[in-house]
Amino acid sequence: MASRVVQHYIRTGVWPAGTTNARALVETYLSDSPSAGRSYAHLIDGSHSETCRARTKGVLTAARQLSVRCLAIGDSGVTDRSDSLAVVTTAENAHQVDGSPMERWLAQYHRELLLGKTGGIVVDRYRRVPGDPPGLATDGGPMPAARSAALRALITRVRRWAPHVHRAAVQPVDVVISANADILVVRLVRGKREHLLIFNPSPDRYTRGDVALPESMGGSALTRAVEVPSSETSPAGRVLYPVRGRVVVNVALRPGDAVLFELFSSFVTPDAMVPSGRGGPWVP
């Protein structure tokens, strides 16, 4: 839920009566909210300008110090972006091609995840009448079939991936990408769970190739990578095991598409490694 008073400060820089700093602002207008939605995080929108983003950073810092949960829209300039929301803009313009916008909308979502905005997702607008259930309202009649199908695909992917990526932090990963594959790869870490996001950033070209994962992460040997299903037509994902010590992911991604793998590893000492006896990799 968003506070109009806090948003007014972020947009204008004018402190409300009785407050002269971000800590007082959070204590007065966010900490003691009597609303029924108190259990929900407060929404902070700092996407309007660089000045707004700077003010948002101050509010988020104060909120963390006071243990007040907030979710931020836009690049707030904070190091930890796991509280930030991925924003997907579905508005089309005259320069965009006909057909389903699914690839464009999915690409926006994947780019936001790549930036570490894993707190949740906003599609176009983030306002609803108090008392209404969470959802998406459209303006002026039914949504065209292509846009409706694209929205269903986007929401399905978010629901499939959310338990894995929610509030995860983005970290670099040392992978080897085949020369013919134009892709971006990051590691998403939340506690002991680790995932790999592989993204095709091209708006108009398919990409195919291999991504060789490191043999170990944080001193633990990588034992397998399990693909997280991304659509209703893929109830189960691939399970990949090390070959000659490394897990290799073969990708074939359409423009803007991505694939998510959960990584599993175990700490293994050199003395515990024995030959597999099949001419394959060494296994515990």
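For the structure, check the block above.
Please read all numbers here as calculations on a predicted model, not as lab measurements. (Residues numbered from 1 in each chain as written. Predicted model: local features only at pLDDT ≥ 70, side-chain atom pairs only at ≥ 80, totals over all residues. Heavy atoms only, no water.)

**A closer look at the overall build of the protein chain**
- Scanning the protein chain from N- to C-terminus turns up 5 helices and 14 strands.
- Within the span of the protein chain, comprising 284 residues, buried residues form 41% of the whole.
- Residue pairs in contact within the protein chain that sit at least 24 positions apart in sequence constitute 67% of those at least 6 positions apart. (Helix = DSSP H or I, 4+ residues; strand = E, 2+ residues; numbered from the N terminus. Buried < 20%, exposed > 50% of the residue type's maximum accessible area, 1.4 Å probe, protein only. Contact = heavy atoms within 4.5 Å.)

**Considerations on the packing of aromatic side chains**
- With the rule as written, the count across this model stands at 2 aromatic pairs.
- For the pair Y9 and W15, a centre-to-centre distance of 4.2 Å together with 20° between the ring planes defines the contact as stacked.
- With a centroid separation of 6.4 Å and 35° between ring planes, the pair formed by Y109 and W161 is classed as tilted. Linking Y109 in helix α4 (residues 102-114) with W161 in helix α5 (residues 145-165), this pair joins segments that are 52 residues apart in sequence. Taken as a pair, Y109 and W161 share a single burial class, namely buried.
- The residue whose ring lies beneath R224 is F264, and the NZ or CZ to ring-centre distance is 4.1 Å. (Phe/Tyr/Trp six-rings, centres within 6.5 Å; stacked < 30°, edge-to-face > 60°. Lys NZ or Arg CZ within 6 Å of the ring centre and 35° of its normal.)

**Regarding helix α3 (residues 50-65)**
- Compared with the 22 Å implied by 1.5 Å per residue over 16 residues, the 23 Å span of α3 between its first and last C-alpha is a close match.
- What α3 keeps buried is the set C52, R55, T56, V59, L60, A62 and A63. The arc enclosing the buried residues of α3, seen along the axis, measures out at 160°, which places them on a common side. Those residues of α3 that are exposed and aimed more than 90 degrees away from the buried face are E50, A54 and Q65.
- Check the buried side of α3 and you find it contacts α1 (4-12), α2 (22-31), β1 (42-45) and β2 (70-73).
- In the segment just after α3, S67 is the residue with positive phi, at about 60°. (Expected span 1.5 Å × (residues − 1). Arc of directions from axis to C-beta.)

**Observations regarding unusual backbone geometry**
- Residue S67 is not a glycine yet carries a positive backbone phi of 60°.
- Among the structural elements, S67 can be located in the loop between α3 and β2.
- On the accessibility criterion, S67 (68% relative accessible area) is exposed.
- The phi angle at R244 is positive, at roughly 55°, despite the residue not being glycine.

**Observations regarding the sheet that holds strand β4 (residues 120-123)**
- Read across the open sheet, the 4 strands follow the order β1-β2-β3-β4; overall the sheet is parallel. Of all the strands in the sheet, just β1 and β4 have a single pairing partner and so form its edges. Direction aside, the axes of adjacent strands within the sheet are offset by 30° on average.
- The pairing of strand β3 (residues 84-88) with β4 spans 4 bridges and is parallel. Residue pairing in the sheet places V87 in a bridge with V122 of β4.
- Strands β3 and β4 of the sheet are contacted by α4, whose axis makes an angle of about 160° with β3. (Pairing = 2+ DSSP bridges. Axes fitted to C-alpha atoms, helices over the stretch in contact; angles between N-to-C directions.)

**Looking at the pattern of salt bridges**
- According to the stated counting rule, one finds 10 salt bridges in the structure shown.
- Ionic pairing is found between E112 and K117, a salt bridge with its closest N-O pair at 3.5 Å. No difference in accessibility class separates E112 from K117, as the two residues are buried.
- When the shortest N-O distance is used, the salt bridge between D257 and R254 registers 3.3 Å.
- Here R254 falls in the partly exposed class, since its relative accessible area comes to 23%.
- Within this structure, R157, R254 and D257 form a network of salt bridges that share partners. (Salt bridge = Lys/Arg side-chain N within 4 Å of Asp/Glu carboxyl O.)

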